[in-house]
Amino acid sequence: FRKVWHWYSGTASLQTKMASELPQQKEWVPRSHKAGAFGTLTRQAAKQVKVLTQHLEEEQEEKVQKTRDIYGSYVEIAFITTKFNADGAKVAKLLKAEFEAGAAGEAYHSLFVIHPGTGTSSSLHLYVSVGSTVAFEDMYRIREESVTKELNRMVKSYNSVLFTSIAPERVKETVTTLNKLKGFNVDLLESREFRIPGGWKGAKRFCEKLGDKLLIRIEDLSFKNEDEMDAYSTAMGELFSQPHRLTIEPAYRASKSPGEVNELTCVISYTLKRSDTDLMTVIFDDADTFAQDQTTIESSESIAAGMDKVTGGNYYYAGPGASSAVIKAKCAQAKKKKMFATIPEIVF
């Protein structure tokens, strides 16, 4: 037993728990993130294989950005806590009702329960949404005032990162409004590094094609120092440049990649450098490809050495592909190292 930080404490309170029972996390500091030193994993791998499509799409995005076009894409990752399990269930019910009414990201939209809470302890949910910036703005524009009041009353903390390559003014206004609510911390990150190949339609195509193999990986990692974090980042770049990670027919394309050049197999692979020793990654992946990663790591001394630099972490494996034996084994390995790892149960 030892004292660990709670994701859902809101104010970094401490409790005595098994080290791997709850997420270990310092207090959330809103609007302080920086893009990782190598941008995204997509860009890192693209540099190594000189992917032409990146440049083609960035040229198009520059044209769009000049007019602040509404047809951008977003990825939101949020951790939602309530004081007790009853409030957590009510919040989940409200969000599910909105989802069933059509208020959702067009590419992917789900809520997962990490910890249901009890009558005396907090609940913790993971919210993942991907779609157009139009859909993001609409979700909150059409939200009933009574729902907003209920959420404001029951939600203890809503800690979110909103990735987008282009943030229209209406999205910025929506984020500003959300951050005025009690406990809401939505970090809007706008950068070309957070583009989605093929846009939200590419993400939707990817999720639909993968089906039961879809794996959503959210990893919040800590390192001894900046050099060791850089070593890990280099190892990830090497891993994502391996043959099994590259293809001319990615699932997010309607056909072959433009120019039939290699692209990453995963549609979303973002990194955030939260500090000199903390790194967050968000990856929409193929469970089979992830399984191949493990074989590659075992056979490569340089990649394995970089992976071993992680000293602490919270691993969240969501989506249908998270039920694989490989993911369960990864969770077990993390827990042996006194880290937090979970396969959260889907709510909707």
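Residues numbered from 1 in each chain as written. Predicted model: local features only at pLDDT ≥ 70, side-chain atom pairs only at ≥ 80, totals over all residues. Heavy atoms only, no water.

**Thoughts on the overall build of the chain**
Across its full length, the chain holds eleven helices and 16 strands. With 348 residues in all, the chain has 55% of them scored as buried. At a minimum sequence separation of 6, the contacts of the chain that also span at least 24 residues come to 76%. (Helix = DSSP H or I, 4+ residues; strand = E, 2+ residues; numbered from the N terminus. Buried < 20%, exposed > 50% of the residue type's maximum accessible area, 1.4 Å probe, protein only. Contact = heavy atoms within 4.5 Å.)

**So, helix α6 (residues 169-178)**
When α6 is considered as a whole, its buried residues turn out to be Val171, Thr174, Val175 and Leu178. All buried residues of α6 lie within an arc of 100° about the axis, which places them on one face of the element. Where α6 is buried, its residues contact α4 (133-141), β7 (155-164) and β8 (184-190). (Arc of directions from axis to C-beta.)

**Looking at helix α7 (residues 199-210)**
Look at α7: 17 Å from first C-alpha to last across twelve residues, which is about the 16 Å you get at 1.5 Å a residue. All of the buried residues along α7 are Gly202, Ala203, Phe206, Cys207 and Leu210. One face of α7 carries all of its buried residues, which in axial projection span an arc of 135°. Opposite its buried face, α7 presents the exposed residues Lys201 and Glu208, each directed more than 90 degrees away. (Expected span 1.5 Å × (residues − 1).)

**Notes on the sheet that holds strand β5 (residues 108-115)**
The sheet built from six strands is open, its strands ordered β8-β7-β4-β6-β5-β16 with mixed pairing. Each edge of the sheet is formed by a strand with only one pairing partner; in this case those strands are β8 and β16 (345-346). Examined bridge by bridge, β5 and β16 share two bridges and lie antiparallel to one another. Residue Phe112 lies in a different strand from β16, and its bridge partner there is Ile346. Packed on one face of the sheet, α6 meets β7 and β8 and runs near 155° to β8. (Pairing = 2+ DSSP bridges. Axes fitted to C-alpha atoms, helices over the stretch in contact; angles between N-to-C directions.)

**Let's talk about the side chain of Glu76**
In this fold, Glu76 is placed in strand β4 (residues 73-82). Within the buried set, Glu76 has no salt-bridge partner at all; the shortest N-O distance to an opposite charge, 8.5 Å, is to Arg143. In terms of polar contacts, Glu76 uses its side chain to reach the side chain of Ser160, at 2.7 Å. Excluding residues that lie within four positions of it along the chain, Glu76 makes contacts with Tyr127, Val128, Ser129, Phe136, Tyr140, Tyr158, Ser160, Val161 and Leu162. (Lys, Arg positive; Asp, Glu negative; His and termini not counted. Salt bridge = Lys/Arg side-chain N within 4 Å of Asp/Glu carboxyl O. Polar contact = N/O pair within 3.5 Å; in protein donor to acceptor, adjacent residues only side chain to side chain.)

**As for empty space enclosed by the protein**
Applying the stated rule across the entire model yields five cavities of 30 Å³ or more. Volume-wise, the largest cavity comes out at about 140 Å³. Lining the largest cavity are 15 residues, with Leu95, Glu98, Tyr127, Tyr140 and Arg143 positioned closest to its centre. Going through the elements one at a time, α3 (85-100), α4 and β7 are the ones with two or more residues in the lining of the largest cavity. Counting residues per element, the lining of the largest cavity draws most heavily on α3, at four residues. Each residue belonging to the lining of the largest cavity can be placed in one class, and the counts come to twelve nonpolar, one polar and two charged. (1 Å grid on protein atoms, 1.4 Å probe; cavity = no way out; pocket = protein on both sides within 12 Å on 5 of 7 lines; lining within 4 Å. Points joined across faces, edges and corners; volume = space filled by probe spheres on them. Nonpolar A, V, L, I, M, F, W, Y, C, P; charged D, E, K, R; others polar.)

**Quick look at the environment of Leu162**
Examined against the element boundaries, Leu162 turns out to sit in strand β7. In this structure, the C-alpha to C-alpha distance between Leu162 and Val186, residues 24 residues apart in sequence, is 6.8 Å. Setting aside anything within four residues of it in sequence, one finds Leu162 in contact with Tyr74, Val75, Glu76, Phe136, Val171, Val175, Val186, Asp187, Leu188 and Leu189.

**Side note on the packing of aromatic side chains**
What the rule picks out here adds up to 14 aromatic pairs. Consider the rings of Phe223 and Tyr232, whose centres lie 5.3 Å apart with planes at 50°: the pair is tilted. Tyr232 matches Phe223 in its accessibility class, with the two residues each being buried. Ring geometry for Tyr315 against Tyr317: centres 6.3 Å apart, planes inclined by 20°, an arrangement best described as stacked. On the accessibility criterion, Tyr315 (12% relative accessible area) is buried. Using a relative accessible area of 1% as the deciding quantity, one classes Tyr317 as buried. Every member of this aromatic cluster is reached through a ring pair, and the members are Tyr74, Phe136 and Tyr140. (Phe/Tyr/Trp six-rings, centres within 6.5 Å; stacked < 30°, edge-to-face > 60°.)

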